[in-house]
Amino acid sequence: ADRRANPTHQRAQRKLQGRCQSTPTMAGSGRLSDARDRLQYVDLDDMVNFMEDIFAAQDQGTWGKVLSDENAHRQNIIKRVIGYAPKCRIQEELAACVEAFMAADLQEDIVDLISNTLTRGSEEFHRHKLLQNLLLITLSKLASLESSGGLKKGMLKKQLRTLKGYDWEDIAELLIGEGQYEEAFVVYNKFGATKSAFSVLLTHMKDIERAKDYACFCESNEVWEMIKAVEDNE
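Residues numbered from 1 in each chain as written. Predicted model: local features only at pLDDT ≥ 70, side-chain atom pairs only at ≥ 80, totals over all residues. Heavy atoms only, no water.

Student: Tell me what's going on with the packing of helix H12 (residues 181–190) against helix H14 (residues 208–218), and back it up with residues and numbers.
Tutor: Two numbers describe how H12 lies on H14: the axes approach to 14 Å, and their chain directions differ by 5 degrees. One way to sum up the angle between H12 and H14 is to call them roughly parallel. Residues Glu-182, Phe-185 and Asn-189 of H12 lie in contact with H14, whose contacting residues are Arg-210, Tyr-214 and Phe-217. Class assignment for the residues of the contact of H12 with H14 results in three nonpolar, one polar and two charged. (Axes fitted to C-alpha atoms, helices over the stretch in contact; angles between N-to-C directions. Helix = DSSP H or I, 4+ residues; strand = E, 2+ residues; numbered from the N terminus. Parallel < 35°, antiparallel > 145°, perpendicular 65-115°, else oblique. Contact = heavy atoms within 4.5 Å. Nonpolar A, V, L, I, M, F, W, Y, C, P; charged D, E, K, R; others polar.)

Student: Break down the environment of Val-66 for me, with residues and values.
Tutor: Here Val-66 lies in helix H4 (residues 60–66). Between the C-alpha atoms of Val-66 and Ile-77, which are eleven residues apart in sequence, the distance is 7.6 Å.

Student: How would you summarise the pattern of salt bridges if you had to cite specific residues and measurements?
Tutor: Summed over all chains, the structure comprises six salt bridges. Here Asp-69 makes a salt bridge to Arg-74, at a shortest N to O gap of 2.7 Å. You can call Arg-74 buried: its relative accessible area is 15%. Across the pair Glu-108 and Lys-152 runs a salt bridge, and its minimum N-O distance is 2.9 Å. Residue Glu-108 is located in helix H7 (residues 107–120), and its partner Lys-152 is located in helix H10 (residues 151–162); the two are separated by 44 residues in the primary sequence. (Salt bridge = Lys/Arg side-chain N within 4 Å of Asp/Glu carboxyl O. Buried < 20%, exposed > 50% of the residue type's maximum accessible area, 1.4 Å probe, protein only.)

Student: I'd love a proper account of the confidence of the model for the protein, names of residues and values included.
Tutor: A low pLDDT score tells you not to read the predicted coordinates there in detail. Confidence along the protein averages 82 in pLDDT terms, with 79% of residues attaining 70 or more. Low confidence marks residues 19–41, where pLDDT is under 50. Its contacts with residues over four positions away, or in another chain, come to 39 contacts. (pLDDT = per-residue confidence, 0-100.)

Student: Describe helix H6 (residues 91–103), listing the residues and the values that go with them.
Tutor: Taking 1.5 Å per residue, 13 residues should reach 18 Å; H6 reaches 18 Å between its end C-alpha atoms and fits that length. Burial in H6 covers these residues: Glu-93, Leu-94, Ala-96, Cys-97, Val-98, Ala-100 and Phe-101. Those residues of H6 that are buried are in contact with helix H3 (47–57), H4, helix H5 (74–84), H7, helix H8 (123–126) and helix H9 (129–143). Downstream of H6 by a residue or two, Asp-105 has a phi angle that is positive, lying close to 55 degrees. (Expected span 1.5 Å × (residues − 1).)

Student: Outline the packing of aromatic side chains, supporting the account with residue identities and numerical values.
Tutor: Evaluated as defined, the whole model comprises seven aromatic pairs. Three or more aromatic residues joined by ring pairs make a cluster, and in this case those are Tyr-166, Trp-168, Tyr-188 and Phe-191. The positively charged end of Lys-190 is found above the aromatic ring belonging to Phe-191, 5.5 Å away from the centroid. Lying over the aromatic face of Phe-185, Arg-210 brings its terminal NZ or CZ to 4.8 Å of the ring centre. (Phe/Tyr/Trp six-rings, centres within 6.5 Å; stacked < 30°, edge-to-face > 60°. Lys NZ or Arg CZ within 6 Å of the ring centre and 35° of its normal.)

Student: Residue-level account of unusual backbone geometry, with values.
Tutor: Although it is not a glycine, Gln-58 adopts a positive phi angle of roughly 55 degrees. Its identity is not glycine, yet Lys-206 carries a phi of approximately 55 degrees, on the positive side. Judged by its relative accessible area of 65%, Lys-206 is exposed.

Student: Please give an account of the packing of H7 against H9 that cites residues and values.
Tutor: To describe two helices that pack against each other, one gives the angle between their axes and the distance between the axes. Put simply, H7 and H9 touch, their axes get as near as 9 Å, and they point 145 degrees apart. By crossing handedness, the relation of H7 to H9 is classed as left-handed. Listed contacts from H9 to Gln-107, Glu-108, Ile-110, Val-111, Ile-114, Ser-115, Thr-117 and Leu-118 of H7 are Leu-131, Gln-132, Leu-134, Leu-135, Thr-138, Leu-139, Lys-141 and Leu-142. Here the contact of H7 with H9 is built from residues that sort into nine nonpolar, five polar and two charged. (Left-handed = near helix turned anticlockwise from the far one by under 90°.)

Below is the structure:
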């Protein structure tokens, strides 16, 4: 359905516009500026209503202004959005919020936003495949920028072990493409893809001793044949 034709979205947009146009400057300049500037002066005491309205509006233009570098209260609002997101019960509203964070390149904040929603949100969001995929993809990107033992690497591995609804085969391939072999092994092992997990140890990590230990754990003749083939070629 067209969001613009939805009375809920229309009412929310009118309330946002009215609030932004009528709220006096918090910077004390005594003047009202254009719509983009006025978004800086949203009454933070009325933030609960503001959150309800901006989520309901699902308007990327409004989100873009709120998350703009020009908004003096940007960080405060981002923090409030992350805290409010688990209260959201409508997938389209949350999707619009995540889309806006992505457009603003708020990768660190996307991790906090989705993690908070998956942990504290409704049961429906606990199983939300797209949210889980996006969280893991974002963590993978951030982890690839870290040195060994970085915080995001630890978060990525923890989420790979904890979450259950993501597209594990696609995520594992992505991790291999990023050179995150240990994380890919975690995925394959978690979902019982023994041969693929073994292949990561043997082919990508080239850790034949660990591969032998894993072969004992798996009790699979096929993986022992793979080990023998590698040893014969050395």
